[in-house]
Amino acid sequence: MTRLVLTNASVVDGDNPALASAHVVVDGDRITAVGNGSVIDHLRDDRVIDLAGPTIMPGMVNCH
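Here we summarise the structure given alongside this text. (Residues numbered from 1 in each chain as written. Predicted model: local features only at pLDDT ≥ 70, side-chain atom pairs only at ≥ 80, totals over all residues. Heavy atoms only, no water.)

Focus on the overall build of the protein chain
Right, on to step 1. Along the protein chain, the regular secondary structure elements total zero helices and five strands.
Right, on to step 2. Mapped in sequence order, the helices and strands of the protein chain form the string β-β-β-β-β.
Right, on to step 3. Here the protein chain, with 64 residues, has 23% of them falling under the buried criterion.
Right, on to step 4. Sequence-distant contacts in the protein chain: of pairs separated by 6 or more residues, those separated by 24 or more amount to 49%. (Helix = DSSP H or I, 4+ residues; strand = E, 2+ residues; numbered from the N terminus. Buried < 20%, exposed > 50% of the residue type's maximum accessible area, 1.4 Å probe, protein only. Contact = heavy atoms within 4.5 Å.)

Structural data, given as structure tokens:
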């Protein structure tokens, strides 16, 4: 299955300080990596989306 790689975003996880220019890797229905900078283990078949700076919150669930 192709992984989804979101790059170049500010990432807020609710437990740690925000990461600027970070990445999030989603494999199937799971977040498998979150980190600063570019993805080191980027695979050729990965679907890579450059978000160009917005803030994302991995794992956020409806809070209502």
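Regarding the environment of Leu 43
Right, on to step 1. When you line up the elements, Leu 43 lands in the loop between β3 (30–36) and β4 (47–50).
Right, on to step 2. A relative accessible area of 46% means that Leu 43 is categorised as partly exposed.
Right, on to step 3. Taking the C-alpha atoms as reference, Leu 43 lies 9.7 Å from Val 5; in sequence the two are 38 residues apart.

A closer look at the nonpolar core
When a protein is soluble and globular, its nonpolar side chains tend to lie buried together.
Right, on to step 1. With seven residues, the main nonpolar core is built from Leu 6, Ala 9, Val 11, Ala 22, Val 24, Val 26 and Ile 56.
Right, on to step 2. Secondary-structure elements contributing two or more residues to this core are β1 (4–11) and β2 (19–27). (Core = buried A, V, L, I, M, F, W, Y, C linked by side-chain atoms within 4.5 Å.)

Concerning the environment of Met 57
Right, on to step 1. Relative to the helices and strands, Met 57 resides in the segment after β5 (55–56).
Right, on to step 2. Given the relative accessible area of 44%, Met 57 is considered partly exposed.
Right, on to step 3. With 33 residues separating them in the primary sequence, Met 57 and Val 24 have C-alpha atoms 9.8 Å apart.

A few points about the side chain of Arg 3
Right, on to step 1. Here Arg 3 lies in the segment before β1.
Right, on to step 2. What makes Arg 3 buried here is its relative accessible area of 11%.
Right, on to step 3. Of the polar contacts made by the side chain of Arg 3, one reaches the side chain of Asp 46; its length is 2.8 Å. (Polar contact = N/O pair within 3.5 Å; in protein donor to acceptor, adjacent residues only side chain to side chain.)

Observations concerning the pairing of β2
Right, on to step 1. For β1 and β2, the ladder comprises five bridges, and the chain directions are antiparallel. Paired with Leu 4 across the bridge in β2 is Val 26.
Right, on to step 2. Here six bridges tie β2 to β3, and the two strands are oriented antiparallel to one another. By the bridge assignment, Ala 22 is partnered in β3 with Asn 36.
Right, on to step 3. Connecting β2 to the next strand, β3, in antiparallel fashion are two residues, including Gly 28 with a positive phi near 70 degrees. (Pairing = 2+ DSSP bridges.)

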